[in-house]
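Secondary and tertiary structure notes
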Amino acid sequence: MTSTQLEWIAGEAMAALKLPEERKADVERLVGRIGNMVLIRCNRKDIPKMLEPVIAQMAEDMIREEGPSGSGPEDADGGAVSAITRGDTSISYRDDTALTQAASRLMKDYEPQIRRFKKMNLPKDGEKP
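What this report covers is the structure whose coordinates are included nearby. (Residues numbered from 1 in each chain as written. Predicted model: local features only at pLDDT ≥ 70, side-chain atom pairs only at ≥ 80, totals over all residues. Heavy atoms only, no water.)

Along the chain, the regular secondary structure elements total 4 helices and 2 strands. Starting at the N terminus, the α and β elements of the chain follow one another as α-α-α-β-β-α. For the chain, the residues scored as buried account for 32% of the 129 residues in total. Taking the intrachain contacts of the chain between residues at least 6 apart in sequence as the baseline, contacts between residues at least 24 apart amount to 61%. Surface summary for the chain: the accessible area is close to 8,800 Å², and the carbon and sulfur share equals 51%. (Helix = DSSP H or I, 4+ residues; strand = E, 2+ residues; numbered from the N terminus. Buried < 20%, exposed > 50% of the residue type's maximum accessible area, 1.4 Å probe, protein only. Contact = heavy atoms within 4.5 Å. Areas by Shrake-Rupley, 256 points an atom, 1.4 Å probe, with all protein chains shown as cover.)

Quick look at the pattern of salt bridges now. The tally for this structure, following the rule as stated, stands at 9 salt bridges. Between Glu111 and Arg41 there is a salt bridge, with the nearest N and O atoms lying 2.7 Å from each other. Taken together, the residues Glu111 in helix 4 (residues 96-115) and Arg41 in helix 2 (residues 24-42) connect sequence positions 70 residues apart. Residue classification places Glu111 among the buried residues on the basis of a relative accessible area of 13%. (Salt bridge = Lys/Arg side-chain N within 4 Å of Asp/Glu carboxyl O.)

The next thing to look at is the environment of Glu21. Summarising the element assignment, Glu21 is placed in the loop between helix 1 (3-17) and helix 2. Glu21 sits in the exposed class, given a relative accessible area of 55%. When the C-alpha atoms of Glu21 and Gly11 are compared, they prove to be 9.6 Å apart, with 10 residues separating the residues in sequence.

Looking now at the nonpolar core. Soluble globular proteins: nonpolar side chains tend toward being buried together. Counting 28 residues, the largest nonpolar core has Val27, Ile34, Val38, Ile55 and Met58 as its most contacted members. Looking at this core, the elements with two or more residues in it are helix 1, helix 2, helix 3 (52-66) and helix 4. Setting aside residues no more than four positions away along its own chain, Met58 makes contact with Ile34, Val38, Leu106, Met107, Tyr110 and Ile114. (Core = buried A, V, L, I, M, F, W, Y, C linked by side-chain atoms within 4.5 Å.)

The next subject is helix 1. Its 15 residues give helix 1 an end-to-end C-alpha distance of 21 Å, which sits within 8% of 21 Å, the value for a rise of 1.5 Å per residue. All of the buried residues in helix 1 are Gln5, Ile9, Ala10, Ala13 and Met14. Relative to the axis of helix 1, the buried residues are bounded by an arc of 155° and lie together on one face. Of the exposed residues in helix 1, those oriented more than 90 degrees away from the buried face are Thr4 and Ala15. (Expected span 1.5 Å × (residues − 1). Arc of directions from axis to C-beta.)

This part covers helix 2. Between its first and last C-alpha, helix 2 extends 26 Å over 19 residues, near the 27 Å set by a 1.5 Å rise per residue. By the burial criterion, the buried members of helix 2 are Val27, Leu30, Val31, Ile34, Gly35, Val38, Leu39 and Cys42. Where helix 2 terminates, the next one or two residues include Asn43, which has phi positive at roughly 55°.

Turning to the environment of Ala102, a few remarks are in order. Here Ala102 is to be found in helix 4. Overall, the relative accessible area of 5% leaves Ala102 in the buried class. Apart from residues lying up to four places away in sequence, Ala102 is in contact with Met62 and Glu65.

Spelled out as structure tokens, the structure:
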């Protein structure tokens, strides 16, 4: 994915969700991850122009899945805090498996749109199948 594509897709997702500029780095990181997942799924090295809006929509859906606060406060190890209790002190961290499951579900939801852009993985000359 080129930097121009990354910026455009992130900008589209941010505009659609009316996110503040402070979230730009987080959105770009998410778009990059989704872009890589799509490239791997499609066996491609480039993102076609027609696939950019699909990735933007996928990013919007993933951001909605995260919740309104985005990544939220994080501890020193990078885990997002989901709840804090003061009486007898209790801190709960968000389970990243939920986001992993959301990403998997997202790919399944968009599979029909992504399928159009798949390339065949044919053996090269001299390679055995």
